[in-house]
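As a plain string of letters, each chain reads:
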Amino acid sequence: MSRSLVGFMVLLHFLSICEAASFFQPISDSHRSAALELFSPDRGSFKSLEETYEALRTFDVLGIKKKPNVTATACRLISVAVGSSSSTPKDLFYALKANSIAKCKIKDKAFQGIITRLNAAVNSASSLLEFHYSVGGLVLIKLLDQSSKPDVHLVNADGIFDSVKAFSQSDGRWRYSSNNPESSAFAAGIALETLAGVVSLASSELDQSLISTLNNDISKLFDSIEKYDGEAIYFDDKLVDGHDHQGPLATTSSVVRGLTAFAALPGNKTLGLANFFLGIGVPGDAKDLFNQIDSLACLESNRVSIPLILSLPSTVLSLTKKDSLQVKVNTVLGSNAPPLTVKLLGAFTSGSKDASLVESQELVFDAGTGLHNLKILPKSIDVGSYTFVFEIVLHKPEDEKVYVTGGPKKVPIFVSGLIKIENAEIAILDSDLGRIETQKKLDLAGQSAVSLSANHLQKLRVSFKLTTPHGLAFKPHQALLKLRHESKVEHIFVVGNSGEQFEIVLNFLGLVEKFFYLSGRYDIELTVGDVVMENSLLRAIGHIELDVPEPPEKAPRPPPQPVDPYSRYGPKAEITHIFRASEKRPKKELSLAFLGLTCLPLLGFLIGLSRLGVNLKIFPMDTIAATFAIFFHVGIGAVLFLYVFFWLKLDLFQTLKLLGLLGVFLASVGHRILSYLAATSAKLKSA
């Protein structure tokens, strides 16, 4: 189901592109960058041989030289697949397709074993995909570029052709198997590619009636083709089974591969199919990118009806910069076109049915850049949006049998320029007679601002004039006047025009209710913009102090202003804590006296030690025991120092944590020294 959704989104993206513009760009560096990003091996290799082949094929068609080093990994996967007896026909099929690009070294004996296995698979096949993988693998072996080519052929080609043909339906679609009643155009492409392989592997010429019947099926398949905008065509299957359904890109790609393999692609359909694949742009999925690139490569390599794509490096021309009109003609993969001439048949104002603004003329070809140029735009082309009509004329008659141009080509062109803004004024008018009470010039090109004042009995008028570089009246997409009250309440008005003159008059008496009876300062902002206006502006032109009457009892209130969602992450108000007053402390002398009393026991302990004397007679003389004795006394001292630090700096929890560690240390070394003393005492008693 996810694949069908992706395909549906691809179709929507294509339709949106076609709606915005009816011209298509050939393959570019954007596709090469996308290929390097999408076909990125995971830990040096891809998940399957199918993905490996798709990456190699995409890199090969796009001519990517600095590609990831996947060839060595691909050759290892290929060697394992062709050398394993458990490899399925699908594994062998994609291994051989990948090998056709990677050119790995495979022994001739391996090919003989593969031929035997694939022939057996063909004879026992019961579904379309089984025929496709086994026949396709045999075709790839037959196309090997080796000195000793193995003999590959199908003895019973007619019977195999009939077996595959049995999956066809009356509407040109095909089934995957006799057990599956649902048919699809995607399966039709697989079937056509398989039957083309059967024809190439036949040991003798097939019955022509079989080929005629198949051509009739192909004609019926094109009856279900979808069209858009008269220039792009594609195949799509109705969503019946979400598991087997393929999107329009995968379906059209499958049909194109089958038709080109069978050399049955109608010449009048190639350009429409190419427009569909190019109209997708740059896919964001590796499978979609492969389908797009592989299909375009099939269209370009058919050598019967190669589509030529007319494109423009830029569809926006500036009168200010005196841009020239440039047209490029390439194949779908960006290869050079044969000798030809590009004619400009006409130019029309978008949405108008008037006559062409220019006469038919040929564009000048620059061999250095490969572009067809019209260096100077005709005087009749002013600022605006147009539809230019081009035609490709091939020089050699024999090229007309090989290349497809598609007739006249319509391309939307935007011509931009600097719009002259003149006679910009702002005025305060009397409400009754319309007499000007205050009038000021507006410098819309500068940063100056005006300051005005008015009451509810007066009017505000803003006016200006817009003309194109050729002196014609210009009507922009947007001409808006905004008044913003100091309470952030905004009011937007559309500035109307009469020819080249734009003017808006605000009668404050009729707007007091809309203004919610808010007096005070209103900032004035003017917006004039258009896609072809190079000097579009969004300018604060000043402010007005407006005095309106007090609101009546049931007057509407201003709407609540939206809250910035990011304000919740801003700084919060400072929290002020109120602490209780400190309790009354004793006098300093009393505190010192109490400290002295607490030190008396320690002093008595030290005096007692001096009176009794220090007894070191039983201090261990053994090195190890002496070491533990020293550690024990050092631990006692550390505990005493910890008490001091508890008094000066540490809190209760910190002290208990350190005391626990010291307690474990003292218990360990104390046990060792006490054991030594007990052993020594026992020896003395026994002696």
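Residues numbered from 1 in each chain as written. Predicted model: local features only at pLDDT ≥ 70, side-chain atom pairs only at ≥ 80, totals over all residues. Heavy atoms only, no water.

### Here we look at the confidence of the model for the protein
Argument step 1. Overall, the prediction assigns the protein a mean pLDDT of 87, with 94% of residues at 70 or greater.
Argument step 2. Predicted confidence is poor over residues 1–21, with pLDDT under 50, and the contacts of this stretch with residues over four places away or in other chains come to 35 contacts. (pLDDT = per-residue confidence, 0-100. Contact = heavy atoms within 4.5 Å.)

### Some remarks on the pairing of strand β20 (residues 490–494)
Argument step 1. Judged by which residues are buried, β20 turns out to be one-sided: H491 and F493 face inward and are buried, whereas E490, I492 and V494, on the alternate face, are not.
Argument step 2. Of the strand pairs in this sheet, strand β19 (residues 478–485) and β20 are connected by 5 bridges, and their pairing is antiparallel. Across the sheet, L480 pairs through a bridge with V494, a residue of β20.
Argument step 3. Adjacent in sequence and paired antiparallel, β19 and β20 are bridged by 4 residues, among which K488 carries a positive phi angle near 80 degrees. (Buried < 20%, exposed > 50% of the residue type's maximum accessible area, 1.4 Å probe, protein only. Helix = DSSP H or I, 4+ residues; strand = E, 2+ residues; numbered from the N terminus. Pairing = 2+ DSSP bridges.)

### Brief notes about a nonpolar patch on the surface
Argument step 1. On the surface, L592, L595, V644, W647 and L648 cluster together into a nonpolar patch covering about 590 Å² of accessible area.
Argument step 2. The set of elements that each furnish at least two residues to the nonpolar patch consists of α15 (588–612) and α16 (623–648).
Argument step 3. The element best represented in the nonpolar patch is α16, accounting for 3 residues.
Argument step 4. Since its relative accessible area comes to 44%, V644 is described here as partly exposed. (Patch = residues over 30% accessible without salt bridge, like charges linked within 9 Å, V, L, I, M, F, W, Y side chains within 5 Å. Areas by Shrake-Rupley, 256 points an atom, 1.4 Å probe, with all protein chains shown as cover. Salt bridge = Lys/Arg side-chain N within 4 Å of Asp/Glu carboxyl O.)

### Let's talk about the environment of V489
Argument step 1. Counting through the fold element by element, V489 comes out in the loop between β19 and β20.
Argument step 2. Between the C-alpha atoms of V489 and L518, which are 29 residues apart in sequence, the distance is 9.4 Å.
Argument step 3. For V489, the contacting residues outside a window of four places in its chain are L483, R484, F516, L518, P558 and Q561.

### Considering the pattern of salt bridges
Argument step 1. For the structure shown, the criterion picks out 16 salt bridges.
Argument step 2. Among the salt bridges present, the one from E50 reaches K287, with a minimum N-O distance of 3.0 Å. Taken together, the residues E50 in helix α3 (residues 49–62) and K287 in helix α13 (residues 286–300) connect sequence positions 237 residues apart.
Argument step 3. By relative accessible area, K287 is classed as partly exposed at 25%.
Argument step 4. Between D171 and R173 there is a salt bridge, and its shortest N-O distance comes to 3.7 Å.
Argument step 5. You can call D171 partly exposed: its relative accessible area is 35%.

### Topic: the packing of helix α6 (residues 108–124) against helix α7 (residues 128–142)
For any two helices packed against each other, one specifies the inter-axial angle together with the distance between the axes.
Argument step 1. Running from amino to carboxyl end, α6 crosses α7 at an angle of 150 degrees, the nearest separation of the two axes being 9 Å. Our classification of the angle between α6 and α7 gives roughly antiparallel. Where α6 crosses over α7, the handedness of that crossing is left-handed. Two secondary-structure elements touch here, α6 through F111, I114, I115, L118, N119, A121, V122 and S124 and α7 through E130, F131, S134, V135, G137, L138 and I141.
Argument step 2. By residue class, the composition of the contact of α6 with α7 is 10 nonpolar, 4 polar and 1 charged. (Axes fitted to C-alpha atoms, helices over the stretch in contact; angles between N-to-C directions. Parallel < 35°, antiparallel > 145°, perpendicular 65-115°, else oblique. Left-handed = near helix turned anticlockwise from the far one by under 90°. Nonpolar A, V, L, I, M, F, W, Y, C, P; charged D, E, K, R; others polar.)

### Notes on the pairing of strand β7 (residues 325–331)
Moving residue by residue along a regular strand, the side chains alternate between the two faces of the sheet.
Argument step 1. Of all 7 residues making up β7, 5 are buried, and the element is well covered by its neighbours.
Argument step 2. Looking at chain direction, strand β5 (residues 306–311) and β7 are connected through 4 bridges and run antiparallel. Counted as the bridge partner of S311 is K328 from β7.
Argument step 3. Bridging between β7 and strand β11 (residues 371–374) involves 3 bridges; their strand directions are antiparallel. The residue bridging Q326 from the neighbouring strand is N373, located in β11.

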